[in-house]
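Working through the structure, step by step
Chain residues, written in single-letter form:
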Amino acid sequence: MIGSVVERKPSSNRPPAQGAFPAPNPSTGYPTVTHRSKTTRGASAFAKSRQVNPSRPQNVPTILSTISPSMKWESTEDDDDVSVQPNPPAPAPIPTDETERLLKEVGDENNQRISEMTEEERMAERADLLEKFGGGIGEMLRRRRLQREGKAADGNELVDMAAPTPRPATIQLSPPLTFSEDDMDVDSPGSTSTAGPSSAVERLEPSKTPPTRAQLLEDLNRPRSALRDSTAHSETSSTFRRLRFADVTPSDIHVYPSQPASPKSVHMLMAPPEDGSADGVPVTQLRFRSLHPERMTKHDGPAVWMAKEASPELSVPKASDDPEEGTPEDIRRRFFPNEAAAQPGLNWITAPSSEQPSDAARFDLQGALIPPALQSTLPTHLGLHHTASSLAGYTLDDLLYLSRSTNAAQRATVLSVLAKILQRLGSGNISTQAVGADARERILKSGMAALGERGSVGARAVEVVWEAVVGWDEFYVLQEGVELWVEEKRKVPSSNDEEEPPSTIPGLDALSSIPLEEALPLIQSYFTVPPSFPALTLSQLLGLLHRLATHYEAHASAIIKTPHFLSSVLSAWLAYKNSDFLRETAQDPKLIQLFSVLATSSRANAEALMVDLPNILLRFLAQMPDSSQSTEDRELRESLMAETLHFYATLGRYGLGCKVALTAQEFMPALVTYLDSSLSEGDITPSFARLAETFFQVREIWTICAIDPHKTSPPHELIWSQIEAFGWVDDLLHLAENIPAEQDTIWAGLWNATAAYTEGATINGANKGQEEKKKVMDGLQDIIQDGHGRSAIDSALEDLQSAIDQYDGLGKPKFLPCLRDIARPSTLLGAAVRLSLSLISSATSTSDPLGLPGASLSRLLDDLLSTTVPNDPLATTAPAGAYVHLRPLTTLLMDELRLSHRLGTMSMESWSVRALRILRHLLPGDEAHAEWILQNFSVGVKDLADSMDLTIDDSILHRGVLQDVMPFYMHAIRPDDKFCIAPFRPTPNSLSQATRVILPSLAALHKPPTSTLKAPVGLPLKRDFLFQPLSDLLRSSTSTAFDSFPASWDASETETVRATLFAVEMCQTLLLDMHPEEALKREEILFGCMRVVMLEHGQPQGDSSEDVFRDTVVAAEMKSLLEPFTIGASPTPPQSYSVPSSDVIPPLEAASKDYLGSGVPFYQFYTDLLALYEAISFADPIFGALLLPPLSMRYPPDYRKLFWGDHSVAVRTVRTSVEQVPADGVGEFLWPVEGDTELLSRYVKALGTGTVRGFLRTVALHHVACNIWLPPASPPASNSSASTPSTAGEGGETRRRHMLLALLRGNKREAVADVLKYEPAVGCEGVRMPGREERVAWVRGWGGEDVLQRLESA
Amino acid sequence: MNALPRFELFTLGDGEKMIEVVEDTKIPNAATIRVLKQDHTLANMIRGYMLKNPKVLFAGYKVPHPLEPAFILKIQTDGSATPVEVLQETCNTLIALITKVKGKLGEQFTQKELEVGLEEPFGAPG
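In short, a report on the structure. The model shown is predicted, which means the values in this text are computed figures rather than measured ones.

For chain B, the helix and strand inventory stands at two helices and four strands. What you see for chain B is a C-alpha radius of gyration of 19 Å, clearly larger than the 14 Å of a compact globule of 126 residues, by over 25%. Scored against the burial criterion, the 126 residues of chain B give a buried share of 29%. For chain B, the share of sequence-separated contacts (at least 6 apart) that also reach a separation of at least 24 residues comes to 52%. Accessible surface computed for chain B: about 8,500 Å², of which carbon and sulfur atoms make up 59%. Here chain B contributes 14 positively and 16 negatively charged side chains, and the mean placements of these two sets differ by 5 Å.

A few words on the interface of chain B and chain A. Across the boundary between the two partners, chain B contributes 25 residues, which contact 19 residues of chain A. Where chain B abuts chain A, roughly 1,700 Å² becomes buried across the two surfaces, and 56% of that area is made up of carbon and sulfur atoms. Looking at the side of chain B facing chain A, the largest losses of area belong to B:F58, B:K62 and B:K74, adding up to 33% of the total buried there. The tally of links from chain B across to chain A stands at zero salt bridges. If you look at where chain B meets chain A, you find zero residue pairs in polar contact (both at pLDDT 80 or more). Broken down by secondary-structure element, the contributors of at least two residues to the side of chain B that touches chain A are β2 (30-36), α1 (40-52), β3 (56-62) and β4 (70-77) of chain B. Ranked by residues supplied to the side of chain B that touches chain A, first place goes to β3(B) with seven residues. Of the residues belonging to the side of chain B that touches chain A, the class tally is 13 nonpolar, five polar and seven charged.

Between A:V529 and the following residue, A:P530, the backbone shows a cis peptide bond with an omega angle of -5°. Put simply, A:L1019 and A:P1020 share a cis peptide bond, and its omega is -10°. In this structure, A:P1020 sits in the loop between α44 (1002-1006) and α45 (1028-1034). For A:H716, which is not glycine, the phi torsion reads 60° and is therefore positive. With respect to the helices, strands and loops of the structure, A:H716 is situated in the loop between α30 (686-707) and α31 (720-726). In this model, B:K37 sits at a positive phi of 55°, which is unusual for a non-glycine residue. Residue position: B:K37 is located in the loop between β2 and α1. The exposure class of B:K37 is buried, given its relative accessible area of 12%.

Residue and element names in this part refer to chain A. For the pair helix α32 (residues 728-736) and helix α34 (residues 770-786), the least separation of the axes is 10 Å and the interaxial angle reads 10°. Between α32 and α34, the interaxial angle falls into the category roughly parallel. Where α32 approaches α34, its residues V729, D730, L733 and A736 are matched on the opposing element by K775, V776, G779, L780 and I783. A breakdown of the residues in the contact of α32 with α34 according to their chemical character gives six nonpolar, one polar and two charged.

A word on the pairing of β2(B). Residue and element names in this part refer to chain B. Most of β2 is tucked away, with six of its seven residues classed as buried. Taking the residues between adjacent antiparallel strands as the criterion, strand β1 (residues 19-23) and β2 are bridged by six residues, where N29 takes a positive phi near 55°. Here β2 pairs with β4 via seven bridges, running antiparallel. Residue pairing for β4: R34 is matched across the bridge by I72.

Right, let's get into the pattern of salt bridges. Residues and elements named next belong to chain A. In the structure shown here, the tally under the stated rule is 33 salt bridges over all chains. In this structure, the salt-bridge partner of K445 is E441, at a minimum N-O distance of 3.8 Å. In this pair, K445 and E441 are both assigned in helix α18 (residues 439-450), four residues apart and thus about one turn of the helix distant. With a relative accessible area of 52%, K445 lands in the exposed category. Here D895 ties to R985 by a salt bridge, and the two come within 2.7 Å at their closest N and O atoms. In this pair, D895 is assigned in helix α38 (residues 887-903) and R985 in the loop between α42 (966-973) and α43 (988-993), connecting sequence segments 90 residues apart.

Reading the values: the criteria
Residues numbered from 1 in each chain as written. Chains lettered and ligands numbered in written order. Predicted model: local features only at pLDDT ≥ 70, side-chain atom pairs only at ≥ 80, totals over all residues. Heavy atoms only, no water. Helix = DSSP H or I, 4+ residues; strand = E, 2+ residues; numbered from the N terminus. Rg over C-alpha atoms; globule rule 2.2 N^0.38 Å. Buried < 20%, exposed > 50% of the residue type's maximum accessible area, 1.4 Å probe, protein only. Contact = heavy atoms within 4.5 Å. Areas by Shrake-Rupley, 256 points an atom, 1.4 Å probe, with all protein chains shown as cover. Lys, Arg positive; Asp, Glu negative; His and termini not counted. Charge placed at Lys NZ, Arg CZ, Asp CG, Glu CD. Buried area = accessible area lost by both parts, 1.4 Å probe. Salt bridge = Lys/Arg side-chain N within 4 Å of Asp/Glu carboxyl O. Polar contact = N/O pair within 3.5 Å; in protein donor to acceptor, adjacent residues only side chain to side chain. Nonpolar A, V, L, I, M, F, W, Y, C, P; charged D, E, K, R; others polar. Axes fitted to C-alpha atoms, helices over the stretch in contact; angles between N-to-C directions. Parallel < 35°, antiparallel > 145°, perpendicular 65-115°, else oblique. Pairing = 2+ DSSP bridges.

Right, here's the structure in full:
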């Protein structure tokens, strides 16, 4: 029982009615000591405050305990006392029978003496006392006597016998009891409950005289009594601690399912036996018995207790005049009777006025969110109240603050809570809104701050950082080969102190801004020999580095550049033995994975790694897995070997480190044997599959390295004859026999490796490798015809088909898995097609050597191109890095395209359509493919045009059709020679060119070209990339394109434009019929033509005939490009027009974004265009037509004001007819009706002077007529633009009249007549034009006959 | 910084012609007229009055470079007159107009001198 004095609820064992006190023990005269659980009056302040607080819920939900999570506690409120109250030591020496008897004898003796004294003697004694102790002594003695008697009458409370002894320690021991028990008396005068204000005053009186010893004692005790709670333990010598036990029987004690006060003391309380047999056994002799679960539920579980607690009939009647115990007034009277109630120094005794649950989310120790409703009701024993707040749980701020604690244990605990919060945040169990968007970053920072600490704090810190970095989006961990950083809006405190609110600027995300240079030495300190951290922590650290290196290229470089970091980690890692860790493996393959990722990040990093690492890792190739080993050992060896091979392959993609192929060849036969035996046994574990895959991968890459030994660095490290001598292809053909059909990755690897060999043999072998091809064909014939290989291909086709069918689009939860499902079969099919392509022996062959199901594959890919699969992962809203899954797909598309090109299975036209469609989907790394497509297109375009009956102008033919623009397109594809991403499938050329293997982040692709973070890649191509030459010409001063042009390029501006427009025309002709959604849209064509007319550089100013747009060929091409998009071209003009929602970006502004950049609005471009038109156009009809689309009501009114207002020249000279306007329909110019007064007056003026013609007149007439005839309230008629919101409503009626009168004043009868009779060509939904009678009635209504007559005459 | 000396804004250099007319070969009745040592003041005025002329289909001008004192005028007519004729006509109109304005201004000044001491018709000078 020691250490866990627990306040009991009396009603839990007995019915509350039982309240009789035991009679005083006659032998001693003192009442029998009774445990307070037997009294009804033992209700504590906690209990009372609960009883008067009915708002407390009766059912407190379960909270999992940190310490014993398997046990479920309901609320066990009695444990509050354990944690709040320090366990009080036994207050006083046990009153033995001896002392009691002695005291009683002394008392009797005194009474005897007093009764024998005479009156004089008594008076003399009294005077003596008064002289000694002052005037108050009589009262004091009387009170003391009364107290003693009263106590004897109450009888059954603990009695402190030693009260006025000169030892202060004994007095100090009692306060815990007085604190909790109302009617317990302790003989320290200052702390008696009866000491009201009056007695306090009385006691102050003697202070005029020199203080007596008793007063000194009193003064000594009084102020301390309030402090004793905290100081009693430390001040008390253990010799005074004596326990007193009440005469408690086991049935009196109920063991609540309490939380232990500290983790070390488990279940100090004992359960009463269920039967009555143990009655009478003193509680000290009981032994612990564990709780039975059914006991908890049976009767007196805490929930029941809570319910009883709240029931009103249990409320104990309390003394009417005493302030209720625990209230501030009670505390003040008891402990600070000398202080005024309103003294500010005593503010702390008032409870914080019922704290409202704040908005801040609060977490429990499991990192789970505590619902706001529970925050104020949860019991305090759960360890959730160690903050200033009275609410349960910790806010994120609390935790972050506590995570900097100097107490290591606290810090470790809080860090682990933070890690759990992150885990829940990452998995979506906690919404980000609850904790703020920057929660991850803040927690990450506190974790980083604790990195490098020793012991569990260090381990927990790694856990926190790991959760923030790796565990956060574990989904991407497996997604290798692409950077993952994204752009985030970050708050930046403004420099001007408080004047401006913090602005948000886009910046790198939290992970990219980790100061890794500072963290690396700390991480290094974890890798000690022998290890001082568990394997899990070290593994998490490696995972952390892996993720960071993948995330952002600068991190990878930082890891490489930090001196001695990798070498010391590696040497420690190599030195670990399995015995160092408990049941964990010493060598985590993650380190080799880290090396691979570092090597992918850039060529420089790979070069730094290739110095000695390949040879160090060779040891893992020597440790051949053995079937005699345990499964774990075998898997470990397999994955170590696999990662080593993968690392070699990664280096090989730069053409680096090929020499190790020769060294490793020593182990290769054994490895091949192992692979073969495992394959033939069909014993394929995931780690084995990975090993086989990487084996084929490294074979493929080393074979490619050997094809052209000049491309590797240093050259001639591996040459073709060595490949032949090693007999690698024989290994492949041999292994192929036993690969099961369902192992798609192994099949893909095998075919890629074989294809690499045949490709090399075509170059290096005699007679274009006919012998080698035949050998491979013979070896694979059976497998591919009807063996496992064939079924692998068939099932891959089916998988791809079903994956495409199941694809559900961007933003759906299954988006990434779907992409992965598409990528897997694509890899296999691509490899098969590649092999087939490489096996074609003669130039005239028209059949597929492997007999692949070409037709169904082609159809499937056509379907695929029509879906949104190739576009979605590249959208700005797509998850970062998702687009890496498209790489196998684009490679498959290209392989199929090349195969059909080679075999001639498609017509020229459909092949070109397919090629153009694929071209736009190619990804960074596919530059070679894009160039190949364009070159083939350029070569075949003349024949293509002939077959499509398209005439090519002689001037274009003369310049070699597309030859003039090819350099522009090549530059568009590969804008920076110094930045080259290794292709998905390396080629001899790519080995020396590649500067990195990892793809840039999606954010880097979407950055504007001016940003330093923009990846200098051209792919994926912009939609309107065919107009790229125009952009380069317009920006010839800044464009880098011309630097890369061949010296022979000498095209003039006009010639370039001709060729460009021809290329666009070809594309449009090919795509517009079959795939109109992939052809250029109206706005893209419009903006392209606008760029043409803007070309005026280097023109001899004198002769306008040399303006580019006036060139007959160019003009004809522009005309034919615009033709399909004019109003006249749309087959059935719609009779009605519905106003689109206003938040759509006007299409031209969207289309021009790429060219203009974010800094220049399209409006500015339009202003320049209009000025140019007015200066030099000579009213060119095409130029004029280009000006019109922004006048649509979908665009802001500024465009119309610009056109109609400041530049009246354009209004006069643009005479385009309605049919020639490049727009959807005339409706978008007419509806909603213009509401701007300034514009309307321009319209009226233009109509009145009769200067407008054609389309413009239609528009002006419409708006004027509608404003006059339509009643102003008509909702869609009032396009209340921002500047004039009220005109349509209030001034509308007056304006109508004024407009009509203004029109009448102008003496253009024709215009007036048109307005009077106006009926719109295209109606608007929900708007009805009033008929003639209504119009007449309206005019008569306000103008009378006079106006009407003037109208009639007009 | 790159500005020409002031006098070059209005003095012709050696061999420079004030006006240069280029007939457009491909566009009917169109001409491009290059006027040296003049700026927007004259160009805008001519363009504005040209556009009032019903014979003119198009009239526009531009100053190719802000630091070169020259502008290019582009005129297209409906065929009833050549661009040069229309330009001459416009210039005559403008000259007449300016003379008239000048005359009126002088008239007002004379009147003002006569009315010294009388109430200022346009408020106090100054």
